[in-house]
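A structural walkthrough
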Protein chains: 2
Amino acid sequence: MTETRPDPLKPYRKGPFAEDCAPRRLLRLFSGKWVTMVLHALHLMGGAARPGSLQRNLPGISKKMMTQTLRELQDLGIIERVVLQTMPPAVEYRLTALGQRFIEPLEMLYCWGEENRALLDQLTEN
Amino acid sequence: MTETRPDPLKPYRKGPFAEDCAPRRLLRLFSGKWVTMVLHALHLMGGAARPGSLQRNLPGISKKMMTQTLRELQDLGIIERVVLQTMPPAVEYRLTALGQRFIEPLEMLYCWGEENRALLDQLTEN
DNA sequence: CTGTATCCTCAGAGATACTG
DNA sequence: CAGTATCTCTGAGGATACAG
């Protein structure tokens, strides 16, 4: 117990390409299958949307992955869950101020991808 | 044998957030654990580098993942494998013209990440 | 030094059914 | 409609030993 073993994360912390450097953390955030799509959709929908609406706009996502992704983004402080005081009560998710900031690099990527579709098509498919 | 089952990819192909739209393909390319780090390192090293050198600059990557990532990028036409006619012969990998183009969005992300380290630190860690 | 071949683990992702 | 709870499974990622 309390064995003295080498920190398994240590090797990642050295050098100019450290595993947990800022850019890498951004890339990790974007590496989930649905995170970027949910954020992008949320952005296109004006920064706020109801779960059902989101799900209908993201064909292929399961209810589980939708909830899971929303929860993750919520825990990160990127979106917030708001209970609307309507009758009957409704739920919607909104980009936070922090979340809005992360839309910037995401939209950069989306724009680049759309403008350079030709390059992406050029990639040898396998 | 040639069963007639519903195309499992079909649902992803519909709607404005299609799974295989250009921006998504770019994001998928960048979602591998080492792809972006290898490309970024290669870029910082002048667009060409020997495998051993790359590996020393990417602490934590195993030889297997190194080879695998290089092979993948090579198959996509993003990098090329060059055998140097030296004595003894040596190998190096170079960004192709196509590959150079993909450096653009990647460096965008890296820059954004570095300039916005504060925002990334602000994410509620869990 | 470069690259391959195995084997293994575990987390991400999905299918399904159930609860307010 | 929103959300939870299980169960399953594929495959990305990693460790290790071997080969040219």
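Residues numbered from 1 in each chain as written. Chains lettered and ligands numbered in written order. Predicted model: local features only at pLDDT ≥ 70, side-chain atom pairs only at ≥ 80, totals over all residues. Heavy atoms only, no water.

Description of the overall build of chain A
Secondary structure assignment for chain A yields 7 helices and 3 strands. Its helices and strands in sequence order give chain A the pattern α-α-α-β-α-α-β-β-α-α, from N to C terminus. Residues counted as buried form 44% of the 126 residues belonging to chain A. Counting contacts in chain A only where the partners sit at least 6 residues apart, residues at least 24 apart contribute 45% of the total. Accessible area for chain A stands at about 7,000 Å²; split by element, carbon and sulfur atoms hold 53% of it. (Helix = DSSP H or I, 4+ residues; strand = E, 2+ residues; numbered from the N terminus. Buried < 20%, exposed > 50% of the residue type's maximum accessible area, 1.4 Å probe, protein only. Contact = heavy atoms within 4.5 Å. Areas by Shrake-Rupley, 256 points an atom, 1.4 Å probe, with all protein chains shown as cover.)

Thoughts on the protein's contact with DNA strand D
In the neighbourhood of DNA strand D, 16 residues make up the surrounding shell, with Lys63 and Arg81 of chain A together with Lys33, Trp34 and Lys64 of chain B lying closest. Here the atoms of DNA strand D within 4 Å of the protein split so that 57% fall in sugar or phosphate, with bases taking the remainder. Tyr93 of chain A places a polar side-chain atom, nitrogen or oxygen, 3.1 Å from a phosphate oxygen of DNA strand D. Secondary-structure elements contributing two or more residues to the surface near DNA strand D are α4 (51-57), α5 (63-75) and β3 (90-95) of chain A together with α5 (63-75) of chain B. Considering each element in turn, the surface near DNA strand D owes the most residues, 4 residues, to α5 of chain A. Across the surface near DNA strand D, the residue classes break down as 6 nonpolar, 3 polar and 7 charged. (Near = heavy atom within 4 Å. Polar contact = N/O pair within 3.5 Å; in protein donor to acceptor, adjacent residues only side chain to side chain. Nonpolar A, V, L, I, M, F, W, Y, C, P; charged D, E, K, R; others polar.)

With respect to the protein's contact with DNA strand C
If you check the shell around DNA strand C, you find 16 residues, and the closest are Lys33, Trp34 and Lys64 of chain A together with Lys63 and Arg81 of chain B. Near-protein atoms of DNA strand C (within 4 Å) split between backbone and bases, with sugar and phosphate holding 61%. Lys64 of chain A places a polar side-chain atom, nitrogen or oxygen, 2.4 Å from a base oxygen of DNA strand C. Elements supplying a minimum of two residues to the surface near DNA strand C: α5 of chain A together with α4 (51-57), α5 and β3 (90-95) of chain B. Here the surface near DNA strand C gets 4 residues from one element, more than from any other, and that element is α5 of chain B. Grouping the constituent residues of the surface near DNA strand C by class yields 6 nonpolar, 3 polar and 7 charged.

Digging into the packing of helix α2 (residues 22-30) of chain A against helix α6 (residues 97-115) of chain B
Two elements in contact, α2 of chain A and α6 of chain B, have axes separated by 7 Å at closest approach and are oriented at 115 degrees. α6 of chain B is crossed by α2 of chain A, and the crossing has right-handed handedness. For the pair α2 of chain A and α6 of chain B, contact is made by Ala22, Pro23, Arg24, Leu26, Leu27 and Phe30 of chain A and by Leu109, Tyr110, Trp112, Gly113 and Glu114 of chain B, respectively. Along the lines of polarity and charge, the residues of the contact of α2 of chain A with α6 of chain B split into 8 nonpolar, 1 polar and 2 charged. (Axes fitted to C-alpha atoms, helices over the stretch in contact; angles between N-to-C directions. Left-handed = near helix turned anticlockwise from the far one by under 90°.)

Thoughts on the environment of Gly46 of chain A
Structurally, Gly46 of chain A can be placed in the loop between α3 (35-44) and β1 (48-49). Residues Gly46 of chain A and Arg94 of chain A lie 48 residues apart in sequence; the distance between their C-alpha atoms is 8.9 Å.

A look at the confidence of the model for chain A
Overall, the predicted model of chain A reaches an average pLDDT of 87, with 83% of residues at or above 70. In the predicted structure, residues 1-15 of chain A sits below a pLDDT of 50 and forms 12 contacts with residues beyond four places in sequence or in another chain. (pLDDT = per-residue confidence, 0-100.)

What to know about the relation of the copies chain A and chain B
With an RMSD of 0.0 Å, the fit of chain A onto chain B corresponds to turning through 180 degrees and sliding 0.0 Å along the axis. In symmetry terms, the pair is related by a two-fold rotation axis. Looking at the rotation axis and the C-alpha trace of chain A, the residue lying nearest is Ser31 of chain A, at 2.3 Å. Same-surface contact between copies: 100% of interface residues of chain A are shared with the interface of chain B. (Least-squares fit on C-alpha atoms with pLDDT ≥ 70 in both.)

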